[in-house]
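Understanding the architecture of this molecule
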Amino acid sequence: QVQLVESGGGLVQAGGSLRLSCAASGRTFSTYGMCWFRQAPGKGREFVATITGSGTTTYYAGSVKGRFTISRGDAKNLVYLQMNSLKPEDTAVYYCAKKRRDSVNYYVTSSYDVWGQGTQVTVSS
């Protein structure tokens, strides 16, 4: 069973950068697609980015495309989210999750079956 732990969140000024990490346990981690979602206060969980098990294909939400980069380092069972040019509207709790093998739609929460506890990102104006 894969377990996920996020880290790297914090407080940053608008225009700044943060890199989030998601550490996974489990020897088959590299075979799973992974993603980042976020949830702002009073809002639903929103898709941010996803990466395939091979790491060769990525998809991004339109609101973060060109500013955020998802990547993985299988040797250390890690998935990263590099966030640049941060905006106050990026403020949220960020979650990483493992994709179900049989899921098709990468942008919905039901496609993912293991979630981390989340890490808070706050962007001040």
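In what follows, the structure referred to is the one given above.
Residues numbered from 1 in each chain as written. Predicted model: local features only at pLDDT ≥ 70, side-chain atom pairs only at ≥ 80, totals over all residues. Heavy atoms only, no water.

**Quick word on the side chain of Arg-67**
Here Arg-67 lies in the loop between β6 (58–60) and β7 (68–73). Judged by its relative accessible area of 11%, Arg-67 falls in the buried class. From its side chain, Arg-67 meets the backbone oxygen of Ser-85 in a polar contact 2.9 Å long. Those residues in contact with Arg-67 that sit more than four places away from it in its chain are Gln-82, Met-83, Asn-84, Ser-85, Leu-86, Lys-87 and Asp-90. (Helix = DSSP H or I, 4+ residues; strand = E, 2+ residues; numbered from the N terminus. Buried < 20%, exposed > 50% of the residue type's maximum accessible area, 1.4 Å probe, protein only. Polar contact = N/O pair within 3.5 Å; in protein donor to acceptor, adjacent residues only side chain to side chain. Contact = heavy atoms within 4.5 Å.)

**Some remarks on the environment of Ser-63**
Here Ser-63 shows up in the loop between β6 and β7. If we skip the residues at most four places from it in the chain, Ser-63 touches Arg-38 and Glu-46.

**Overview of the packing of aromatic side chains**
Each aromatic ring pair is specified by the distance between its two centres and by the angle formed by the two planes. Applying the stated rule across the entire model yields seven aromatic pairs. Consider the rings of Phe-37 and Phe-47, whose centres lie 5.7 Å apart with planes at 75°: the pair is edge-to-face. One end of the pair, Phe-37, is in strand β4 (residues 34–39); the other, Phe-47, is in strand β5 (residues 45–51), and ten residues separate them in sequence. There is no split in this pair, since Phe-37 and Phe-47 are both buried. (Phe/Tyr/Trp six-rings, centres within 6.5 Å; stacked < 30°, edge-to-face > 60°.)

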